[in-house]
Amino acid sequence: MYQKEFLDFGTTSYTEKTRAVVKVQDGCDRFCSYCIIPYARGHVRSRKIESIVEEVKAIAEEGIKEVVITGIHVASYGKDFKEDIGLIDLLEEINKIEGIKRIRLSSIEPTIITEEFLARLTKLEKICDHFHLSLQSGCDETLKRMNRRYTAEEFKECTELLKKAYPNVALTTDIIVGFPGETDEEFEKTYQFLKDINFYMMHIFKYSPRKGTKAAVMANQIDGKLKEERSRRLIELSRKNEIEHNERYIGKEVEVLFEEREGDYIKGHTTNYMVVKVPYKEIENTIEKVKVEKEENLELVGNV
Ligand code: SF4
């Protein structure tokens, strides 16, 4: 078990045996109207590339094969440096580290996805084709009240670039339902938008006010029952998408990093984040090719 304290960030980077979570920055300057983080954690502060590379090398020496790059607002990595250094520069350095086989990005702001960014990213063979882009709403009016700084159309363009660059990409997202003032019409816009993008998986949150934020004192707070109903519809859609995505792999071969035993099975993830299990063998922390036989409870079952 790898464990290291980063006192300057007040956080701990911790891992399982196969995957390490590496925090590369703290703070956020975006001030979404529902979020307390910019007040609670302050401005963007990024760790130096050298310090992160040193940590990832140590992780690789432990035999860990996958790193998850995380932070409060990862897309802002480097914004506080005098030099012109950004997330892509960091990823290029991590990609060079021997022993690391996979680099997974945790949640990223969609607007970082540009043609220039992808031209460099797609050259890095260790980057996982799984991207978590926080959308929050697919309706421009709601996005505006949330103070998210993109439109639904701009978000869609980012997802199209990713789909073009990574043919098997899994896009996941976070959605808030019942944001103050969200009318039936606004929610329907979001619903149709989500159907259109066809996310692999969506995390649905029912809006809950955070004291000290602008959204907490907005008019037209939404009734709990309505939030519940909207949440249920989106959870259903997410589940349907996930099953359809998984079923496309039946009969195909996928590469899995095996993580842990579960009863008579051992399971792990593909680069595009599907959970795959096979009858137990001692293959923990190895990457194996698996022939997929079926989909079962949002997981794929197959044989090595
Ligand atoms: S939701 Fe994310 S981007 Fe928005 S203020 Fe909070 S941490 Fe920053």
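Just above sits the structure.
Residues numbered from 1 in each chain as written. Predicted model: local features only at pLDDT ≥ 70, side-chain atom pairs only at ≥ 80, totals over all residues. Heavy atoms only, no water.

### So, the site of the ligand
Every residue close to the ligand is listed here: Cys-28, Arg-30, Phe-31, Cys-32, Tyr-34, Cys-35, Ile-37, Pro-38, Ile-72, His-73 and Arg-148. A molecule is said to occupy a pocket when more than half its atoms come within 2 Å of that pocket's grid points, and by this definition the ligand occupies the largest pocket. (Near = heavy atom within 4 Å. 1 Å grid on protein atoms, 1.4 Å probe; cavity = no way out; pocket = protein on both sides within 12 Å on 5 of 7 lines; lining within 4 Å. Sits in = over half its atoms within 2 Å of the grid points.)

### Considering the packing of aromatic side chains
Overall, the coordinates contain 9 aromatic pairs when judged by the stated rule. With centroids separated by 5.9 Å and ring planes inclined at 45°, the aromatic side chains of Tyr-150 and Phe-155 adopt a geometry described as tilted. Look at Phe-155 and Phe-193: their rings are 6.3 Å apart centre to centre, the planes differ by 65°, and that puts the pair in the edge-to-face class. With Phe-155 in helix H6 (residues 152–165) and Phe-193 in helix H7 (residues 184–197), this residue pair connects regions lying 38 residues apart in the sequence. Take Phe-155 and Phe-193: they sit in the same class, and that class is buried. The side chain of Arg-261 reaches across the aromatic face of Tyr-280, ending 3.8 Å from its centre. Note that Lys-277 overlies the ring of Tyr-265, its terminal NZ or CZ placed 4.6 Å from the centroid. (Phe/Tyr/Trp six-rings, centres within 6.5 Å; stacked < 30°, edge-to-face > 60°. Helix = DSSP H or I, 4+ residues; strand = E, 2+ residues; numbered from the N terminus. Buried < 20%, exposed > 50% of the residue type's maximum accessible area, 1.4 Å probe, protein only. Lys NZ or Arg CZ within 6 Å of the ring centre and 35° of its normal.)

### Remarks on the sheet that holds strand E14 (residues 299–303)
Pairing is mixed in the closed barrel, where 5 strands are placed in the order E10-E11-E12-E14-E13. Geometrically, the sheet is characterised by an average inter-axis angle of 50° between neighbouring strands, direction not taken into account. As paired strands, strand E12 (residues 275–279) and E14 are joined by 2 bridges and run parallel to one another. Residue pairing in the sheet places Lys-277 in a bridge with Val-301 of E14. (Pairing = 2+ DSSP bridges. Axes fitted to C-alpha atoms, helices over the stretch in contact; angles between N-to-C directions.)

### As for the pattern of salt bridges
A full pass over the atoms with the stated rule returns 28 salt bridges. One salt bridge in this structure joins Arg-120 and Glu-92, with 2.9 Å as the shortest N-O distance. Remark: Glu-92 occurs in helix H3 (residues 87–95) and Arg-120 occurs in helix H4 (residues 115–121); sequence separation between them is 28 residues. Glu-92 gets classed as partly exposed once you look at its relative accessible area, which sits at 24%. Salt-bridge contacts for Lys-289 lead to Glu-255; the nearest nitrogen and oxygen are separated by 3.4 Å. Placement of Lys-289 in strand E13 (residues 287–296) and of Glu-255 in strand E10 (residues 253–262) is noted, with a sequence separation of 34 residues between them. The network of salt bridges with common partners includes Arg-19, Glu-66, Arg-102, Arg-104 and Glu-259. (Salt bridge = Lys/Arg side-chain N within 4 Å of Asp/Glu carboxyl O.)

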